[in-house]
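Fold and contact review
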Amino acid sequence: MTKYLLLKHYRGAPPPVNDVPMDQWTPEELSAHVQYMRDFAARLETTGEFVDTQALTPDGTFVRYDGEGRPPVTDGPFAETKDLIAGWMVIDVETFERALELAAELSAAPGAGGKPIYEWLEVRPFLAAPATITE
Amino acid sequence: MHGGLDETLLRILTPTVIGILVRRGADFARAEDAVQDALLEAMRVWPDDPPRDPQGWLVTVAWRKFLDAARADTSRRHREVRVEGEPVPSPGEVVVDTLQLYFLCAHPSLTPASAVALTLRAVGGLTTRQIAQAYLVPEATMAQRISRAKRTISGVRFNQPGDVATVLRVLYLVFNEGYSGDVDLAEEAIRLTRQLAARTNHEEVAGLLALMLLHHARRPARTGADGRLVPLAEQNRSLWNTRLIAEGVDVLQAALARDRLGEFQAQAAIAALHADARTYEETDWVQIVEWYDELVRLTDSPVARLNRAVAVGEAYGPRAGLAALAELDPALPRHAAVAAYLHERDGDPMTAARLYAEAARSAPSLAERDHLTRQAARLNAQLRS
């Protein structure tokens, strides 16, 4: 089994086919979308492939060390930042093909007009623990 | 750890108790659930109130749990309770022993991950939570993986003879998983393989046990205090566990004497030759190459061919190793890492540094990536000065 991160972007991914901002959906369309995501996660739990899902707010703060005894320096949020992560789901599956299949299902979550969003998701494999026998 | 509780005893008793419940008429899936519930109760109760007869206690509690669950199921379906009292064993009753549980849990209809999870629970006596922690998934996910696995094999009869090779693949996967969680999966795999070896007379079971012992013996030397990988050439050999090595060599020799070679025996023979060398320089690479030839013949595995190229490089010089490597697909995992090593040995640090960096980018684990990056950095620093 390999763990994969299915990454959802606010910005940085190619535009989806059904590209209507969420705040312009009807409340019913929003509920249908949320329900689809919940059902998807619940189904992955029953197949033994679910690990985690989280959503992030769009406001990120950049922070860095500024020397001994000094408070951290913060900056941002940067409107021009190209890549902005919206959230993720972590799955644990037998094959890369299965990861793609599940990501495609997630991408079909309904949006405006109840039609699939066709959202682009990024699939990233986790680095694993080193195997015991390698030589 | 749970105070004075002997978890190992619980684990050893688990498959026996499942077997007893099945002999009394329970189906495997329910018997297994009932024994798991009994294990959890034992973990709660035993530390303060240890039983005089642990196995009897587990059988009694598990049987009660089984009856409760069966009754609940039956009343849900508004049907007669048929499991009351002592069930009558059917004539010609199937004797379920631990060996059959190994076969059932590694049944070929299961995916490798399901077989691993089910084996750890039903044969290994681990709790769902412990297995979930070891594989870094939520407990609910692991519970579902296990119940799906049980549904998949629900039609399989116990007395069907199984294939030892499928069991060995599952145990090998458990051993190779690494060391996350509070249960040491490598030690658990060794215990289960030892238990299997005691019940079968199969040379490859012995081969796998030897392989595990010989690798486990060198585990303390394989990672540094900071968690970094220590390559074989740099390992502090005084950290190797000589008792485990001696046992591994004994088990292997007995297996090889039967003259029915298999892939695990061949791998164990290679591990034994490494373990036998007092220094890296004393390693018998010529013999190791011969064993890799056997391994390639037995498995035709690209990984074996890649490792063979390394051994050829050590036995006959880096040029010979590079020639062996040239016959392999560059897309193989760790191909660049092997090429880097051989080029450095061949006196070409520039190419080696580039290849180490390339290998680091496609490394499958963080520890390996760090190791390969360090190799590239070392050579680059050397080239600058």
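Keep in mind that what you see is a predicted model, and the values were worked out from it rather than measured.

Of the regular secondary structure elements, chain B holds 19 helices and zero strands. Viewed in the frame of its principal axes, chain B has a C-alpha envelope of about 85 × 45 × 35 Å. The buried share of chain B, taken over its 385 residues, is 42%. The long-range share in chain B, meaning contacts at least 24 apart out of those at least 6 apart in sequence, stands at 61%.

Right, let's get into the overall build of chain A. The helix and strand inventory of chain A stands at two helices and six strands. Reading the helices (α) and strands (β) of chain A from amino to carboxyl end gives β-α-β-β-β-β-α-β. In summary, chain A has a C-alpha radius of gyration of 18 Å against a globular reference of 14 Å for 135 residues, an excess of more than 25%. When its C-alpha atoms are laid out on the principal axes, chain A stretches across 55 × 55 × 25 Å. Residue burial in chain A is summarised as follows: out of 135 residues, 19% are buried. Restricting the contact set of chain A to residue pairs at least 6 apart, pairs at least 24 apart contribute 73%.

Okay, the interface of chain B and chain A next. Quoted interface sizes are often the accessible area lost when the parts come together. Listed per partner, the contact involves 25 residues of chain B and 17 residues of chain A. No other element matches helix α7 (residues 139-152) of chain B, which puts six residues into the side of chain B that touches chain A. In terms of residue class, the side of chain B that touches chain A is made up of 12 nonpolar, nine polar and four charged.

Residue and element names in this part refer to chain B. Where helix α8 (residues 164-176) contacts helix α9 (residues 185-199), the two axes come as close as 7 Å, and the packing angle between them is 155°. Taken together, the axis directions place α8 and α9 in an arrangement best described as roughly antiparallel. When α8 is examined against α9, the residues V167, L171, V174 and F175 are found in contact with a partner set consisting of L185, A186, E188, A189, L192, T193 and L196. Here the contact of α8 with α9 is built from residues that sort into nine nonpolar, one polar and one charged.

On to helix α17 (residues 335-345) of chain B. Residues and elements named next belong to chain B. Along α17, 10 of the 11 residues are buried, which leaves the element largely enclosed by surrounding structure. Of all the residues in α17, the buried ones are H335, A336, A337, V338, A339, A340, Y341, L342, H343 and E344. Next to the buried residues of α17 lie α15 (302-316), α16 (318-326), α18 (349-361) and α19 (366-384). One or two steps after α17, the chain reaches G347, where phi turns positive at roughly 80°.

To continue, consider the sheet that holds strand β6 (residues 122-125) of chain A. Residues and elements named next belong to chain A. Taken in spatial order, the four strands of this open sheet run β2-β5-β1-β6, and their pairing is antiparallel. Looking at which strands have only one partner, the edges of the open sheet turn out to be β2 (50-55) and β6. Strand-to-strand twist across the sheet, computed as the mean angle between neighbouring axes with direction ignored, equals 20°. With nine bridges joining them, strand β1 (residues 2-11) and strand β5 (residues 84-93) adopt antiparallel strand pairing. Bridging from a neighbouring strand, H9 pairs with I85 of β5.

Counting through the fold element by element, E368 of chain B comes out in helix α19. C-beta crowding within 10 Å serves as the criterion here: with 21 such atoms nearby, E368 of chain B is assigned to the buried category. Not counting the four nearest positions on each side in its chain, E368 of chain B is found in contact with P130 of chain A together with L229 and A363 of chain B.

Let us look at the nonpolar core. If you look at the biggest cluster of nonpolar residues, it comprises 128 residues, and the most contacted ones within it are I91 of chain A together with L21, A62, L171, A210 and L214 of chain B. Among the elements that take part in this core, helix α10 (residues 203-217) of chain B stands out by supplying 10 residues, more than any other. Residues in contact with L21 of chain B, not counting those within four places in the same chain, are A26, A31, A34, V35, A62, W63 and F66 of chain B.

Let's shift gears to unusual backbone geometry. For Y118 of chain A, which is not glycine, the phi torsion reads 55° and is therefore positive. Position of Y118 of chain A relative to the elements: it lies in the loop between α2 (96-107) and β6. Residue class for Y118 of chain A comes out partly exposed when judged on the 15 C-beta atoms lying within 10 Å of it. The phi dihedral of D259 of chain B falls on the positive side, at around 60°, and the residue is not glycine. Inspection of the secondary structure assignment puts D259 of chain B in the loop between α12 (242-256) and α13 (263-276). For D259 of chain B, a count of 7 C-beta atoms within 10 Å corresponds to the exposed category.

As a further point, take the packing of helix α1 (residues 7-23) of chain B against helix α2 (residues 28-45) of chain B. All names here are of chain B. The interhelical angle for the contact between α1 and α2, taken along N-to-C directions, is 140°, at an axis separation of 9 Å. Relative to α2, α1 is oriented oblique. Taken as a pair, α1 and α2 cross one another with a handedness that is right-handed. Contacts between α1 and α2 pair L10, T14, V17, I18, L21 and V22 from the former with F28, A31, E32, A34, V35, L39 and A42 from the latter. A per-class count over the contact of α1 with α2 returns 11 nonpolar, one polar and one charged.

Residues and elements named next belong to chain B. Chain-level pLDDT for chain B is 90 on average; 93% of the residues reach the 70-or-more range. Taken together, the stretch residues 83-94 has pLDDT below 50 and engages in nine contacts with residues farther than four places along the chain or on a different chain. Quick note on the complex model: pTM equals 0.87, ipTM equals 0.81.

Calculation criteria
- Residues numbered from 1 in each chain as written.
- Chains lettered and ligands numbered in written order.
- Predicted model: local features only at pLDDT ≥ 70, side-chain atom pairs only at ≥ 80, totals over all residues.
- Helix = DSSP H or I, 4+ residues; strand = E, 2+ residues; numbered from the N terminus.
- Buried ≥ 20, exposed ≤ 12 C-beta atoms within 10 Å, placed from the backbone.
- Contact = placed C-beta atoms within 7 Å.
- Rg over C-alpha atoms; globule rule 2.2 N^0.38 Å.
- Nonpolar A, V, L, I, M, F, W, Y, C, P; charged D, E, K, R; others polar.
- Axes fitted to C-alpha atoms, helices over the stretch in contact; angles between N-to-C directions.
- Parallel < 35°, antiparallel > 145°, perpendicular 65-115°, else oblique.
- Pairing = 2+ DSSP bridges.
- Core = buried A, V, L, I, M, F, W, Y, C linked by C-beta atoms within 7 Å.
- Left-handed = near helix turned anticlockwise from the far one by under 90°.
- pLDDT = per-residue confidence, 0-100.

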